[in-house]
Amino acid sequence: MESYGGITTPLTFQFRPRAYEGVYRQFCRTLRVPRPVLEANDSIFTRMIGQIRGRIYYNLLNWYRLIAMLPGYTFNGASWNR
């Protein structure tokens, strides 16, 4: 199932990246990802989703980078890829 099926209005898209950025920054803080790591990877949070011809897509490279910052990734990273 797609999260954003069909065409998305510009207003909706304008809101979505900010929502993802805020939620996942807080998620990383809650999991105690060090501040310097968050700052060094700032662009990941601002580019988690994008838009092409009115359709929202997930920037999977940045999702993988985000997951790699989380504690325990070295132990469970392979399971994320499955």
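Presented here is an overview of the structure given in this document. The structure presented is a predicted model; accordingly, all values stated were derived computationally and were not measured.

### Notes on the nonpolar core
Item 1. Tyr20, Cys28, Val33, Phe45, Leu66 and Met69 are the most contacted members of the largest nonpolar core, which has 15 residues in total.
Item 2. At the level of elements, α1 (10-30), α3 (42-46) and α4 (60-69) are the ones that each hand at least two residues to this core.
Item 3. Non-local contacts of Cys28, meaning those with residues more than four positions away in its chain, are made with Val33, Leu38, Phe45, Leu66, Met69 and Leu70.

### Re the packing of aromatic side chains
Item 1. Per the stated rule, a full pass over the model turns up 6 aromatic pairs.
Item 2. Ring centres 6.2 Å apart and planes at 80° place the aromatic pair Tyr24 and Phe27 in the edge-to-face group. Of this pair, Tyr24 and Phe27 both sit in helix α1, 3 residues apart, which is roughly one turn of that helix.
Item 3. Using a relative accessible area of 23% as the deciding quantity, one classes Tyr24 as partly exposed.
Item 4. Through pairs of rings, three or more aromatic residues link up here, namely Tyr20, Tyr24, Phe27, Tyr58 and Trp63.

### Details of α4
Item 1. What α4 keeps buried is the set Asn62, Trp63, Leu66, Ile67 and Met69. Axial view of α4: buried residues confined to an arc of 155°, hence all on one face. Seen from the open side of α4, the exposed residues pointing more than 90 degrees away from its buried face are Leu60 and Leu61.

### Brief notes about α1
Think of an α-helix as turning once every 3.6 residues; residues three or four places apart then point the same way.
Item 1. Here α1 is 21 residues long and its end C-alpha atoms lie 31 Å apart, about the 30 Å a rise of 1.5 Å per residue gives.
Item 2. Packing partners of the buried residues in α1 comprise α2 (35-40), α3, β1 (49-52), β2 (55-58) and α4.
Item 3. Following α1 by one or two positions, Arg32 adopts a phi angle in the positive range, close to 65°.

### A closer look at a nonpolar patch on the surface
Item 1. A grouping of Tyr58, Leu60 and Tyr64 is seen on the molecular surface, where their side chains present a nonpolar patch of about 290 Å² in accessible area.
Item 2. Mapped onto the elements, Tyr58 comes out in strand β2.

### Description of the pattern of salt bridges
Item 1. Following the criterion strictly, the structure yields 2 salt bridges and no others.
Item 2. In this structure, Glu21 engages Arg25 in a salt bridge whose closest nitrogen and oxygen atoms are separated by 3.1 Å. One end of the pair is Glu21 and the other is Arg25, both in helix α1 and 4 residues apart, which spans about a single turn.
Item 3. Given a relative accessible area of 15%, Arg25 falls into the buried group.
Item 4. Asp42 is paired through a salt bridge with Arg25; the nearest N and O atoms lie 2.4 Å apart. Residue Asp42 is found in helix α3, and its partner Arg25 is found in helix α1; the two are separated by 17 residues along the sequence.
Item 5. Asp42 gets classed as partly exposed once you look at its relative accessible area, which sits at 35%.

Basis of the calculations
Residues numbered from 1 in each chain as written. Predicted model: local features only at pLDDT ≥ 70, side-chain atom pairs only at ≥ 80, totals over all residues. Heavy atoms only, no water. Core = buried A, V, L, I, M, F, W, Y, C linked by side-chain atoms within 4.5 Å. Buried < 20%, exposed > 50% of the residue type's maximum accessible area, 1.4 Å probe, protein only. Helix = DSSP H or I, 4+ residues; strand = E, 2+ residues; numbered from the N terminus. Contact = heavy atoms within 4.5 Å. Phe/Tyr/Trp six-rings, centres within 6.5 Å; stacked < 30°, edge-to-face > 60°. Arc of directions from axis to C-beta. Expected span 1.5 Å × (residues − 1). Patch = residues over 30% accessible without salt bridge, like charges linked within 9 Å, V, L, I, M, F, W, Y side chains within 5 Å. Areas by Shrake-Rupley, 256 points an atom, 1.4 Å probe, with all protein chains shown as cover. Salt bridge = Lys/Arg side-chain N within 4 Å of Asp/Glu carboxyl O.

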